[in-house]
Amino acid sequence: MMKWSWLLFALTVFAGCQRDVEVPEAKSVQDKIPEPTPHELRIPQGFGDYYRNPDNPLTLEGIALGKKLFHDPILSDGNKQSCASCHVQSKGFSDPRKVSPGVAPGAIGTRNAMALINLAWRREFFWDGRSFSLEHQALDPVANPIEMNLPWPQAVQKLKAHDEYPLLFERAFGVEDFDSTHVVKAIAQFEKTLISADSKYDKYLRGEATLTDQERFGMDLFMSEEADCFHCHNGVTFTDNSFRNNGLQETVNDSGLGAINGNPRDIAKFKVVTLRNIGFTAPYMHDGRYQTLEQVINFYSDSVNQQSPNIDPVMLKSNRVNGSLNLTGEEKEALIAFLNTLNDTSFIENERLSSPFE
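All values derive from a computational prediction rather than experimental measurement.

Thresholds, definitions, all that
- Residues numbered from 1 in each chain as written.
- Predicted model: local features only at pLDDT ≥ 70, side-chain atom pairs only at ≥ 80, totals over all residues.
- Heavy atoms only, no water.
- Salt bridge = Lys/Arg side-chain N within 4 Å of Asp/Glu carboxyl O.
- Helix = DSSP H or I, 4+ residues; strand = E, 2+ residues; numbered from the N terminus.
- Expected span 1.5 Å × (residues − 1).
- Buried < 20%, exposed > 50% of the residue type's maximum accessible area, 1.4 Å probe, protein only.
- Contact = heavy atoms within 4.5 Å.
- Polar contact = N/O pair within 3.5 Å; in protein donor to acceptor, adjacent residues only side chain to side chain.
- Axes fitted to C-alpha atoms, helices over the stretch in contact; angles between N-to-C directions.
- Parallel < 35°, antiparallel > 145°, perpendicular 65-115°, else oblique.
- Nonpolar A, V, L, I, M, F, W, Y, C, P; charged D, E, K, R; others polar.
- Phe/Tyr/Trp six-rings, centres within 6.5 Å; stacked < 30°, edge-to-face > 60°.
- Lys NZ or Arg CZ within 6 Å of the ring centre and 35° of its normal.

Q: Explain the pattern of salt bridges here, please?
A: Close approach of charged atoms allows side chains of opposite charge to pair. All told, the structure shown has 20 salt bridges when counted by the stated rule. The residue Lys200 makes a salt bridge to Glu215 at a minimum N-O spacing of 2.9 Å. Placement of the pair is Lys200 in helix 8 (residues 200-205) and Glu215 in helix 9 (residues 213-222), with a sequence separation of 15 residues. For Arg244, the salt bridge is made with Asp312, and the minimal N-O distance between the two is 3.0 Å. With Arg244 in strand 1 (residues 243-244) and Asp312 in the loop between helix 11 (293-303) and helix 12 (329-339), the pair connects residues that are 68 residues apart, well separated along the chain. Here the salt bridges do not stand alone but share partners, grouping Arg111, Asp128, Arg130, Asp140 and Asp254 into one network.

Q: How should helix 7 (residues 180-191) be read in this particular structure?
A: Count 3.6 residues to each turn of an α-helix, and residues three or four apart come out pointing the same way. For helix 7, built from 12 residues, the straight-helix expectation of 16 Å at 1.5 Å per residue is met to within 8% by its first-to-last C-alpha distance of 16 Å. In terms of residue burial, helix 7 counts as a mostly covered element, since 11 of its 12 residues are buried. For helix 7, the complete set of buried residues consists of Ser180, His182, Val183, Val184, Lys185, Ala186, Ile187, Ala188, Gln189, Phe190 and Glu191. Contact partners of the buried residues in helix 7: helix 2 (60-71), helix 4 (134-143), helix 5 (152-160) and helix 6 (165-173). Taking the backbone nitrogen of Thr181 as reference, a side-chain oxygen 2.9 Å away marks Asp179 as the first, capping residue of helix 7.

Q: I keep staring at the packing of helix 9 against helix 12 and nothing clicks. Help me out?
A: In a packed pair of helices, the relevant descriptors are the angle between the two axes and the axis-to-axis distance. At a closest axis distance of 7 Å, the pairing of helix 9 and helix 12 adopts a crossing angle of 95°. Classified by the interaxial angle, the pair formed by helix 9 and helix 12 is roughly perpendicular. Between helix 9 and helix 12, the contacting residues are Gln214, Glu215, Phe217, Gly218, Met219, Leu221 and Phe222 on the first element and Glu330, Glu331, Glu333, Ala334, Leu335, Ala337, Phe338 and Leu339 on the second. Each residue belonging to the contact of helix 9 with helix 12 can be placed in one class, and the counts come to nine nonpolar, two polar and four charged.

Q: Please explain the packing of aromatic side chains as it appears in this structure.
A: For any pair of aromatic rings, the description consists of the separation of the ring centres together with the inter-plane angle of the planes. Scanning the model with the defined rule gives 15 aromatic pairs in all. Ring pairing ties together the aromatic residues Tyr201, Tyr204, Phe222, Phe238 and Phe338, which thus form one cluster. The positively charged end of Lys68 is found above the aromatic ring belonging to Tyr165, 5.5 Å away from the centroid. The positively charged end of Arg123 is found above the aromatic ring belonging to Tyr51, 3.7 Å away from the centroid.

Spelled out as structure tokens, the structure:
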């Protein structure tokens, strides 16, 4: 009987000691990542509101992630090429080469890489307009065999295996299992911040600068029926965002918009590009055929091919004599002087847009 009493006493003491021990609770849910920080673009004077994608609202975390992805060659086969490789900031986020090489041996593009400027005010992308949003546009270059040449499943797997990117995607989008949709959303958010609106011309409009007599003469010509540049390159973005054939050639070797929509009336039509930062974004035209602004002005003055199929009516106006504007040397120089007032040095030197890896 004594033995059982001692046993009962020992068990009672043991149980009491156990009740005095604090056992930490197991964490069944991971600490919550803070919600991303909403962001609004600063809209330049006269620009009007930008296009908003309700499925991809701007956030500081999304923009920062997009900037890193834009400059990181991780999205290419062999980590050899980034978006920034063909969209160089010092060149107005364009490519100074006629056409861009891809990462695969012998791969070469067929068109000049377009300048990435004020994209938040555009809806169609690429020279032929085949993409309907910035997000959709960003899907193409990664998997394209003549560009970055990396299938999207492989690209996403590389990002998931990276030391930093999984957390950055979680902070930007609140997801652990991200995919290509999230990648292009981030890149699109960054690209919307590529805003250029502080050129000499902008300062002139704001009363902060004065144009020279030559620049003013060039501006008047640009806006006149005589040179007639403003019909296609109008507004504060200096593009009407249309697709036109400007009479580059009689024999068409690139169908442009017509190849996308199947409309024979749109063959040889290409996107009207912005003229902002035009002094930084050579070479010019969809095929990069002209290296200088002088060559471009000479073409529009003297060399438009009026037999080109679907040539734009603007190029056939009655003020042309035998198909040419026949601008004088003084007029050509004045136009170039005005075009150079559209260059925005603060844009190409903006460190907030520059590579985070430098």
